[in-house]
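Chain by chain, the residues run as shown.
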Amino acid sequence: MNSYLIFSYAGVALCGIGVFGFIFHSHLIKRLIAFNILSNGVFLILVGLAQNAQKQPDHLPQALVLTGIVVAVAATALALVLIKQWYAISQQTTLPEDQEHQ
Amino acid sequence: MNELIDLALIAILLFMALFSVLSAVLFKAIIFFILLGLMLAIIWIRLDAPDIALAEAAIGAGITGILFLNAQAQLPPQHTQAYTVSMCKQSRFWFALIASLSTMIVLTLAVNQPLNPTISINQPIIEQLNASGVEHPITAILLNYRSFDTLLEIAVLVQVAVIALSLRQHEHIKIHSPTLPNPLLHACLTLFLPMLFLVSMYLLWAGASQPGGAFQAGSVLAAAFILFYLAGFNTPINNHELYLKFGWVFGLSVFLMVGILTLFTGDALLAYPLEFAGVSIFFIEFAVTLSIGWILFSLFVLSQNISLSNVKENNE
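(A) Expanded view of a nonpolar patch on the surface. Residues and elements named next belong to chain B. Taken together, the side chains of Phe148, Leu152, Leu256, Ile260, Leu261, Leu263, Phe264 and Leu269 define a hydrophobic patch exposed on the protein surface, amounting to about 790 Å² of accessible area. Within the residue set of the nonpolar patch, elements represented by two or more residues are helix 8 (147-166) and helix 11 (241-264). The element contributing the most residues to the nonpolar patch is helix 11, with five residues. Mapped onto the fold, Phe148 is located in helix 8.

(B) Up close: the packing of aromatic side chains. On inspection of all chains with the given rule, the structure shows 18 aromatic pairs over all chains. Between A:Phe22 and A:Phe35, the ring centres sit 5.8 Å apart and the planes meet at 40°, which makes this aromatic pair tilted. Here A:Phe35 lies in helix 2 (residues 28-54) and A:Phe22 lies in helix 1 (residues 3-24), a separation of 13 residues in the sequence. Taking relative accessible area as the criterion, A:Phe22 reaches 36% and is therefore assigned partly exposed. Classification of A:Phe35 as partly exposed rests on a relative accessible area of 45%. Seen from their ring centres, B:Phe282 and B:Phe286 are 6.4 Å apart, and the 20° between their planes marks the pair as stacked. Here B:Phe282 pairs with B:Phe286, and both are found in helix 12 (residues 277-304), just four residues apart, close to one helical turn. The structure contains a cluster of three or more aromatic residues connected by ring pairs, namely B:Phe197, B:Phe225, B:Tyr229, B:Trp294, B:Phe297 and B:Phe300. Taking the ring centre of A:Phe22 as reference, the NZ or CZ of A:Arg31 above it sits at 5.7 Å.

(C) Expanded view of the nonpolar core. B:Leu13, B:Trp44 and B:Phe255 are the most contacted members of the largest nonpolar core, which totals 106 residues. Each of domain 1 (1-110) and domain 2 (134-316) of chain B gives at least three residues to this core. Not counting the four nearest positions on each side in its chain, B:Leu13 is found in contact with A:Ala10, A:Leu14, A:Leu44, B:Leu36, B:Met39, B:Leu40 and B:Ile43. Listed in part, the six residues of the second largest apolar core include A:Leu5, A:Cys15, A:Ile45 and A:Leu49.

(D) Inspection of the interface of chain B and chain A at higher detail. Contact residues are listed per partner, giving 90 residues for chain B and 72 residues for chain A. Here chain B and chain A share an interface that buries about 7600 Å² over both sides, 77% of which is from carbon and sulfur atoms. At the junction of chain B and chain A, the tally comes to zero salt bridges. In terms of residue count, helix 5 (residues 90-112) of chain B provides more of the side of chain B that touches chain A than any other element does, 13 residues in total. Residue composition of the side of chain B that touches chain A, by class: 60 nonpolar, 19 polar and 11 charged.

(E) Structural view of the packing of helix 9 (residues 183-206) of chain B against helix 10 (residues 214-230) of chain B. All names here are of chain B. Helix 10 packs onto helix 9 with a crossing angle of 165° between their chain directions and a minimal axis gap of 7 Å. One element, helix 9, and the other, helix 10, form an angle in the roughly antiparallel class. Taken as a pair, helix 9 and helix 10 cross one another with a handedness that is left-handed. Every residue of helix 10 that contacts helix 9 at Leu189, Leu193, Leu196, Phe197, Val199, Ser200, Leu203 and Leu204 is listed here: Ala214, Gln216, Ala217, Val220, Leu221, Ala224, Phe225, Leu227 and Phe228. Broken down by class, the residue content of the contact of helix 9 with helix 10 amounts to 15 nonpolar, two polar and no charged.

(F) Molecular detail of the side chain of A:Gln62. Structurally, A:Gln62 can be placed in helix 3 (residues 59-90). The residues contacting A:Gln62, other than those within four sequence positions of it, are A:Val47, A:Gln51, A:Pro57, B:Leu47, B:Asp48, B:Ala49, B:Ile52 and B:Ile138.

(G) Quick look at the pattern of salt bridges. Residues and elements named next belong to chain B. If you walk through the whole model with that rule in mind, you get two salt bridges over all chains. One salt bridge connects Asp6 with Arg46, and the closest N-O pair in it is separated by 2.7 Å. Placement of the pair is Asp6 in helix 1 (residues 2-22) and Arg46 in helix 2 (residues 26-46), with a sequence separation of 40 residues. Classification of Asp6 as buried rests on a relative accessible area of 1%. A relative accessible area of 24% places Arg46 in the partly exposed class. Note that Asp149 is salt-bridged to Arg146, the shortest N-O span being 2.8 Å. The partly exposed category is assigned to Arg146, whose relative accessible area is 37%.

(H) Here's a closer look at unusual backbone geometry. Although it is not a glycine, A:Gln91 sits at a positive phi angle of roughly 60°. Relative to the helices and strands, A:Gln91 is located in the loop between helix 3 and helix 4 (96-100). Positive phi, normally seen in glycine, also occurs at B:Asp48, with a value near 60°. Mapped onto the secondary structure, B:Asp48 falls in the loop between helix 2 and helix 3 (50-74). Classification of B:Asp48 as partly exposed rests on a relative accessible area of 35%.

Rules used in this analysis
Residues numbered from 1 in each chain as written. Chains lettered and ligands numbered in written order. Predicted model: local features only at pLDDT ≥ 70, side-chain atom pairs only at ≥ 80, totals over all residues. Heavy atoms only, no water. Patch = residues over 30% accessible without salt bridge, like charges linked within 9 Å, V, L, I, M, F, W, Y side chains within 5 Å. Areas by Shrake-Rupley, 256 points an atom, 1.4 Å probe, with all protein chains shown as cover. Salt bridge = Lys/Arg side-chain N within 4 Å of Asp/Glu carboxyl O. Helix = DSSP H or I, 4+ residues; strand = E, 2+ residues; numbered from the N terminus. Phe/Tyr/Trp six-rings, centres within 6.5 Å; stacked < 30°, edge-to-face > 60°. Buried < 20%, exposed > 50% of the residue type's maximum accessible area, 1.4 Å probe, protein only. Lys NZ or Arg CZ within 6 Å of the ring centre and 35° of its normal. Core = buried A, V, L, I, M, F, W, Y, C linked by side-chain atoms within 4.5 Å. Domains from an automatic or database assignment. Contact = heavy atoms within 4.5 Å. Buried area = accessible area lost by both parts, 1.4 Å probe. Nonpolar A, V, L, I, M, F, W, Y, C, P; charged D, E, K, R; others polar. Axes fitted to C-alpha atoms, helices over the stretch in contact; angles between N-to-C directions. Parallel < 35°, antiparallel > 145°, perpendicular 65-115°, else oblique. Left-handed = near helix turned anticlockwise from the far one by under 90°.

Right under this line is the structure:
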């Protein structure tokens, strides 16, 4: 087992933690953090798996992940703007669907 | 020995992720998320991906972290402090646990599948490097082989900035500078800011032949702008929103213009002629760096401009 494959499994674990946090929390910012952890896990799997097959650094998935990181930060910024806007309207940091179940 | 380092890194990474997801206080969750980003930056180096490591350290740990902290600081304490509902929601906990375990099982099965490496895309990438105008494969992919992707990515960033601008509540962007009467900070900044700009330009220049490039340089530039803003200096967007919008579309328009110019020579969109490839890529990267820095900075400023308390009072 080389280190590329080990990090793919670490990516799998990060994905699992991300999915757990995304479902478990109703606080929107915590959900966003879990979502970011999930995306980091996907990036690790993407690069680790490709490099494990080739047994050498693979530049194409690396470039894809690089663009992915930049798009992810833009999406996070937009989500935070939306969450703040939602708080300004409703004074809540959770969605109405989650409030009913509490 | 190397395996031990990898396993230790992974153990720390997973603990950070668990602490971040399970901590009740939002501030703690954010701090552990920032640490997770720094850990990931080291892991990307172990994965032989120094470009991603640079981007992760600057964006994942830096810009994302400050965006989260900024949002957290604006919420009142009862929305960020200990969060009592979390432990009561038994059904939700089990549902989340089952979903997470099944995700992990499916992904483990997928990772275990042997990939068939019949097509090695790496070989043609290295072989065509001479024709791309740069010496670093990742820059060649981003700005030559798959430049259309990168063009659209810049368009996505511009679009995010436009949406954020349209969500603001005030007609004019108010920069309420958090003026810190701190002469030491200002004295330090006169040293640090030129340094940050220099690092950013170095990363941009280095991108042609070694790890670095527009994304990393742009995020360092954004960090410099944010530091400048937080120290209470006046920024040009104080007076003119036009500067803001101009900065957003600058990179995209230079990119498009170079792309359209290649159409006149009879080639496809963004197919630079061989002798001009290096120069075109440098101009595009320079413009894109400035725009990425400016867009990330304005996203930070715009998210600060949403006032959270008085809107409801106005409505009532």
